Every structure is written in C-alpha cells, then in structure tokens.
Amino acid sequence: MKSRLRAIIVDDEELARKIVREFLAPHEDIEILTECINGFEAVKAITELKPDLVFLDIQMPKLNGFEVLDLVEQRPVVVFVTAHDHFALKAFEVHAVDYLLKPFSKERFEEALKRAREQTSKKYQDRLSEVVSSARANVKPIERVLVREGFKVHIIPVDKIDYIEAQDDYISLRSDGKNFLKHQTLTELEATLEKSKFIRIHRSFIVNVERLARIEPYAKDSHIVILKDGSKLPVSRSKFDSLKQLL
Amino acid sequence: MHPILADRKKVAIYVAVWALAGFLLSLLFVPGIEWAKALMISLPMALVYGFMNLASWYPNRTLRLEDPGFLRIFFVNILGAVLSSIAWLMVGKVITMALVYAFSFEDLGRQYDEHASILFGTGILLYLLASAVQYLIMTFEASREVERRAYELKLLAQDAELRALRAQIDPHFLFNSLNSISALTTQDPSAAREMCILLGDFLRKSLKVGTEEKISLSEEIALIMNFLAIEKVRFGNRLNVEMNVDERSTSTAVPPLLLQPLIENAIKHGIAQRIDGGTIVLSSEQNGSTLHIKIKNPVDADQKKVIGNKIGLQNVKDRLRKLYGNDARIDTELEDGFFVVDLSLPAEKHNA
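Residues numbered from 1 in each chain as written. Chains lettered and ligands numbered in written order. Predicted model: local features only at pLDDT ≥ 70, side-chain atom pairs only at ≥ 80, totals over all residues. Heavy atoms only, no water.

### What about the overall build of chain B?
Then, in step 1: On a plain count of helices and strands, chain B comes out with 11 helices and 8 strands.
Then, in step 2: Taking all 352 residues of chain B together, the buried fraction comes to 41%.
Then, in step 3: Here chain B has roughly 18800 Å² of accessible surface; of this, 62% comes from carbon and sulfur atoms. (Helix = DSSP H or I, 4+ residues; strand = E, 2+ residues; numbered from the N terminus. Buried < 20%, exposed > 50% of the residue type's maximum accessible area, 1.4 Å probe, protein only. Areas by Shrake-Rupley, 256 points an atom, 1.4 Å probe, with all protein chains shown as cover.)

### What to know about the side chain of A:Gln184
Then, in step 1: By the element assignment, A:Gln184 lies in the loop between strand E10 (178–182) and helix H7 (186–192).
Then, in step 2: Leaving out residues up to four positions away in the same chain, A:Gln184 has contacts with A:Arg136, A:Asp169, A:Tyr170, A:Ile171 and A:Leu189. (Contact = heavy atoms within 4.5 Å.)

### Overview of the nonpolar core
Then, in step 1: If you look at the biggest cluster of nonpolar residues, it comprises 99 residues, and the most contacted ones within it are A:Phe80, A:Phe92 and B:Leu343.
Then, in step 2: When residues in this core are grouped by element, the largest group, 8 residues, is from helix H9 (residues 217–235) of chain B.
Then, in step 3: A:Phe80 has contacts with A:Leu56, A:Ile58, A:Phe66, A:Leu69, A:Phe92, A:Val97, A:Asp98, A:Tyr99, A:Leu100 and A:Leu128, leaving out every residue within four places of it along the chain.
Then, in step 4: B:Trp18, B:Ala38, B:Ile41 and B:Tyr127 belong to the second largest nonpolar core, which has 25 residues in total. (Core = buried A, V, L, I, M, F, W, Y, C linked by side-chain atoms within 4.5 Å.)

### Some words on the interface of chain B and chain A
Then, in step 1: The interface of chain B with chain A comprises 25 residues on the first partner and 23 residues on the second.
Then, in step 2: The junction of chain B with chain A conceals about 2100 Å² of combined surface from both sides, 53% of it contributed by carbon and sulfur atoms.
Then, in step 3: The interface formed by chain B and chain A holds 3 salt bridges in total.
Then, in step 4: Among the ionic pairs, A:Asp12 bridges to B:Arg238, the shortest N-O distance being 3.2 Å.
Then, in step 5: Where chain B meets chain A, there are 5 residue pairs in polar contact (both at pLDDT 80 or more).
Then, in step 6: Residue assignment for the side of chain B that touches chain A shows that the elements contributing at least two residues are helix H7 (171–187) and H9 of chain B.
Then, in step 7: Ranked by residues supplied to the side of chain B that touches chain A, first place goes to H7(B) with 12 residues. (Buried area = accessible area lost by both parts, 1.4 Å probe. Salt bridge = Lys/Arg side-chain N within 4 Å of Asp/Glu carboxyl O. Polar contact = N/O pair within 3.5 Å; in protein donor to acceptor, adjacent residues only side chain to side chain.)

### Some points on the sheet that holds strand E15 (residues 232–235) of chain A
Residue and element names in this part refer to chain A.
Then, in step 1: Spatial strand order, E13-E14-E15: 3 strands in an open sheet with antiparallel pairing. At either end of the open sheet lies a strand with only one pairing partner, and these are strand E13 (212–217) and E15. On average, adjacent strands in this sheet sit at an angle of 30 degrees to one another, irrespective of strand direction.
Then, in step 2: Bridging between strand E14 (residues 223–227) and E15 involves 4 bridges; their strand directions are antiparallel. Residue pairing across strands places Val225 opposite Leu233, the latter belonging to E15. (Pairing = 2+ DSSP bridges. Axes fitted to C-alpha atoms, helices over the stretch in contact; angles between N-to-C directions.)

### Things to note about the sheet that holds strand E1 (residues 5–10) of chain A
Residue and element names in this part refer to chain A.
Then, in step 1: Spatial strand order, E2-E1-E3-E4-E5: 5 strands in an open sheet with parallel pairing. Both outer strands of the open sheet, strand E2 (30–36) and strand E5 (99–101), are each paired with one neighbouring strand and no more. Ignoring strand direction, the axes of neighbouring strands in this sheet form an average angle of 20 degrees.
Then, in step 2: Examined bridge by bridge, strand E3 (residues 53–57) and strand E4 (residues 77–82) share 5 bridges and lie parallel to one another. Pairing of Leu53 across the sheet is with Val77, part of E4.
Then, in step 3: The strands that helix H2 (residues 39–49) touches are E1, E2 and E3; relative to E2, the one it contacts most, it runs at about 145 degrees.
Then, in step 4: Relative to E5, helix H4 (residues 86–95) is tilted by about 145 degrees, and along the sheet it contacts E4 and E5.

### Considerations on the packing of H9(B) against helix H10 (residues 260–270) of chain B
Residues and elements named next belong to chain B.
Then, in step 1: Across the interface, H9 lies against H10 with an axial gap of 10 Å and an inter-helix angle of 20 degrees. Judged by the angle between their axes, H9 and H10 are roughly parallel. Helix-helix and strand crossings are classified by hand; for H9 and H10 the assignment is right-handed. Along the contact surface, H9 presents Glu220, Leu223, Ile224, Phe227, Leu228, Glu231 and Phe235, while H10 presents Gln260, Ile263, Glu264 and Ile267.
Then, in step 2: For the contact of H9 with H10, a count of residues per class yields 7 nonpolar, 1 polar and 3 charged. (Parallel < 35°, antiparallel > 145°, perpendicular 65-115°, else oblique. Left-handed = near helix turned anticlockwise from the far one by under 90°. Nonpolar A, V, L, I, M, F, W, Y, C, P; charged D, E, K, R; others polar.)

### Points about the packing of H4(A) against helix H6 (residues 122–138) of chain A
Residues and elements named next belong to chain A.
Then, in step 1: Relative to each other, H4 and H6 sit at 145 degrees, their axes nearing to 9 Å. Here the hand of the crossing between H4 and H6 comes out right-handed. The segment H4 lies against H6, with Phe87, Ala91, Phe92 and His95 engaging Arg127, Glu130, Val131, Ser134, Ala135 and Asn138.
Then, in step 2: A per-class count over the contact of H4 with H6 returns 5 nonpolar, 3 polar and 2 charged.

### Notes on the pairing of strand E12 (residues 205–208) of chain A
Residue and element names in this part refer to chain A.
Then, in step 1: Along E12, one buried face is formed by Phe205 and Val207 and the opposite face, lined by Ile206 and Asn208, is buried too.
Then, in step 2: The pairing of strand E11 (residues 198–202) with E12 spans 4 bridges and is antiparallel. Bridging from a neighbouring strand, Ile199 pairs with Val207 of E12.
Then, in step 3: The antiparallel pairing of E11 with E12 creates a hairpin that spans 2 residues between the two strands.

### Quick notes on the pattern of salt bridges
Oppositely charged side chains can form a pair if their charged atoms are brought close together.
Then, in step 1: Under the defined criterion, the tally for this structure stands at 33 salt bridges over all chains.
Then, in step 2: In this structure, B:Arg148 engages B:Glu152 in a salt bridge whose closest nitrogen and oxygen atoms are separated by 3.0 Å. Here B:Glu152 and B:Arg148 lie together in helix H6 (residues 116–168), a separation of 4 residues that amounts to about one turn.
Then, in step 3: We classify B:Arg148 as partly exposed; its relative accessible area is 43%.
Then, in step 4: One salt bridge connects B:Lys214 with B:Glu348, and the closest N-O pair in it is separated by 3.1 Å. Remark: B:Glu348 occurs in strand E8 (residues 348–349) and B:Lys214 occurs in the loop between helix H8 (189–210) and strand E1 (215–216); sequence separation between them is 134 residues.
Then, in step 5: Judged by relative accessible area, B:Glu348 falls into the partly exposed class, the value being 31%.
Then, in step 6: What you see here is one network of salt bridges that share partners, running through A:Asp98, A:Arg108, A:Glu111 and A:Arg115.

### Focus: unusual backbone geometry
Then, in step 1: A:Pro103 follows A:Lys102 through a cis peptide bond whose omega is -10 degrees.
Then, in step 2: In this model, A:Lys50 sits at a positive phi of 45 degrees, which is unusual for a non-glycine residue.
Then, in step 3: Within the secondary structure layout, A:Lys50 lies in the loop between H2 and E3.
Then, in step 4: On the basis of relative accessible area, A:Lys50 is assigned to the partly exposed category, the value being 43%.
Then, in step 5: Phi angles above zero are rare outside glycine, and B:Asp336 is one such case at about 50 degrees.
Then, in step 6: Following the sequence through the fold, B:Asp336 ends up in the loop between strand E6 (329–335) and strand E7 (338–346).

Quick look at the structure:
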C-alpha cells in the first residue's frame, strides 16, 4: 500500500489552481493540504506543513517560485507549472527537473505526477538545488535579499545593507540596526552583488561601499574600517590595497 | 572639417582642376608674355587661389540657399570675391617678383602689372565659380542626408511594426488565457466559450488594426476593453478598471495598438505583482489641439523601480517620435506607489 502524499498548490490565478485540484481529484492517496495564492503564503505553508509535493507556479507576486524554494530549508518534491519562461525552461532541461507548460493535458499531468512520486532520492534534491541556484545566479546584480525568519519573509533592499558577515554555513546581514541570518555562503552572495557597491574586505566580511567612513591601522601590518555608524570591521592584508584605492 | 580636405581623393581632384585653371590662365598672359614664363606665374597662382577659395566654404555654409536672404548671399560673395581677388593679385605680384629676382626676367614685373585688370576680373569670376560649385556640393549632400534619414525612418517603422506585433501577442498572455479556458471547460463551460470568443475577438481586432495607419481612440479603447475582459477572467477580483474617457476625445486619431502595450505593462508589472491587485485608471481628454492620455496603476511596495522589460514603453516612445516628432510627449513617473504614464499627442480628427 502506498503512503499518503501531502500536497500544496501554489498559483496566483484561481483557475490555474482549480485545474490542478481537478486533475488531482481521482488520486485518493493525495491529500491537498492548502492552496497558496502568492510566494509569501507558499513559504509559510511549506515551512509549517512540510508537504511531500508542491505544484509551484513560477511567476507570482512578491516572490517567484524559485525564491520560494530558496527560502525553505526542507524542500518538497516540486512540479513546476509555468506559462512561458525561456530562462526557467532552460534550467529545467539542464538539471532534468520536470515541469508543466500551461495549458497542459491530463495525460501530461499524470506523467508529471508519476515522475514526482518516484523522486525521493538525495539526487533529486541536488538537481532541485541546482535549478534554484541557477535561478539565483540569473538575476545579477540583485536588488534585494530575501531572508526567512520562522514563517516570516523579510525583503531587504541591497542598499539598506550595511555589511554582511560569514558565520559557518550562514551569512549574517546587518541592516537597519538588525541582523538577519540566511543560509547561503558569502562567496555565493558576493557573486550576485554589484561590484561597485559592495566590496569584500575580509574572508568573512563584505561591506557596502556607501557605509564606509575611514580606514585605520590596527595592529602591526593590519587595518580596520570604521563604518558611518561606528562599527569596526577587520580588513585582510590582501584586500587592503584595493580598499585604499577606493577610499 | 572642410568636406574637400577631409578626403585625399577629393583633394587630388581639386588640385588637378585648379592646375588646369592655371594652364588656361597662362593663355591670358600670352599676348604680352612668353607662354613658358606665363605658365611659371599662372600655375602657382591658380593653386594658391584654389586653397584660398576653400575658405569661402565657411561663410557659405552659414548662408544656406534655402534661406530667404538671397541678396545677402550675393553681397557676401561679391565682397569675398573682391577681397580674394585683390589678395590674389598680390600673391601673383610676389610670385612675379620672385621670378624676376631668380631669373632676372627684366620686363616681367611691368608685363604682370599690365595684366592686372584682366587678372582681377578673372579672380572674381573664379571665386564666384568656386562658390557656386560649393553650393552645388552642399545641396547635393543635403539631399543625400534627407534620403538617408528617410531610409532610417523606414527601417525604424518596420522595426516598430514588428515589435508591436510581438507585443500584441505576448506569449504569457496567450498561454495563461488558454490555461484559463482549459480550467473553465469543466468548471464552467459557458464561461469557457465566452473566453474563447473574447480571445478570438481580441486577436482578430489586433490583426485588423495592425494594418491601419491610424484608428480612432474609441477603437483603441474597445480593443483595450476586450483585452482587459480576458485578463479579468485570469485575475478575477484582483483586476479592476476605471475609465475616465472624455466623449470629445474618442474620435481623435491615434496609431493602432499604441495604448495596448501600456495597459499590458500595467497588468504585468503592476497588478500581477501585487497580492491584492488593484485598479488601472485610463483617462483621456482633449485640450485644445492636444490629446492627453493617462494610464495609472498601483505597483508593489517592495518594487523599487519598474522591473522587467520595458520594450512596450520604448516601442510607444519610438513610434510617437517617428509619427509626431517633437509634437508628442510621453512621461512616466513612479509616485506614492503608483506608476503613471502621461501621453500627449496632436489631436487629429479620425476620418472613419
């Protein structure tokens, strides 16, 4: 006997959700937990309910489908549903992740569902991660950083960031006097930031150029930068020259 | 830069022409001076004069033929001719004196002076001739410039047509609409049929008006309403529309599919990005001889600038510039969470 599959439908259009619900109806082993009409709801629902399967639209208000996946730690099996997105289709093809093109037939839907049921391996999660990170890399330079805190999603515009600090597998973003923790590497984030606005001053620090106040010698052969709000950050010896040129 | 000096080939031809002039000039001297000696004076004189005459390009360029002041052109050229000719006579005298000094041609100085009046006349004629040729070149280049610009405009028009065609059938719009129909077939068959009819009407209308140069504003608005009715099926309560169209403005002629891409943007970058959607406001009024059209839509608070492709907006800008030059304006602004496009163009009556 098959175990029950818990599913969520995410689409901002009501009719688009309805057709997925209709096609799922004959599958008694699939339980539809909820429907989400935007990316925020989807992040909340996926984090809270931990579904096995998500039908995920890509173009949605606030957060798109990739951003939703970027923000959840435990990723479910995903059936992407999209009308037309040249970039996304390429990413799916490259990483062998299935998707449905609107409008789709019942047969095609069944096929996608059958494949989704087979996806449980670690390999699938890796391929999904590849799709998500290529979507992330596709937007350059980024204008905002998304951070999830519990069920809540913070949207932080990049120019509101003071500096970013690496902390093990996480990065800590300093903005408006608060720290936001995100599961991403500093190098990964650095690659998506605008080079003229953010500078890597240390193995563990990226700083917003506009926040820089001055640079001061610290110990022998080493320096620190002072930000406008008074924060002090260390400067690597190798980054010192490029930083000095900038100031 | 002088157009002749800019090109080595042109300089060569120009020098050759003046050398020939120098040869002919020597014949003027022949009654009084030996031909060989005459040539020694006339050839350098002609070449020097050739380069002196290049200077007349600069006053001529500012006094274009199409300007009304023909008398002014005439006097400026006569003055230029007299001054140049006098200067030229002096150059000739210097050359003659040099020859007298170098080869001790005893009588040459006197013989040159005897020819002064005929040289003066020739100098004036040559100056006027060179000036006339310059006007010919300028006219020729101006007409070539006009031709080139017309060609560029034609290319731009073709490009705009192509983009308009692409904008009117946005793949997102089409596929999402088809998906809505697919859902409706079981949920609400009569609504599915309604949607098919709306979509059919919209496609037919866009194809039809796409071939026309101008349509009335009311036709464009009908097309927009049709488009919005389809989008309303997709977006439901998230999409609302408010029309403030002044009756008198509806018979004005507008380029077809001018507003449709802007409405499409208002949905794509405005309504579709907002969780609760919003209201698109379309207003139009005729103010004297100007037609004002305004499209306003709310944008998402997290959206700092209007992202995504601006092809629709750029397309509208290009078309307006091509059709109306400086008589049409398009302004966009993002204010208080609303994106506003302001259009003004000459209000021409549409003869249906």
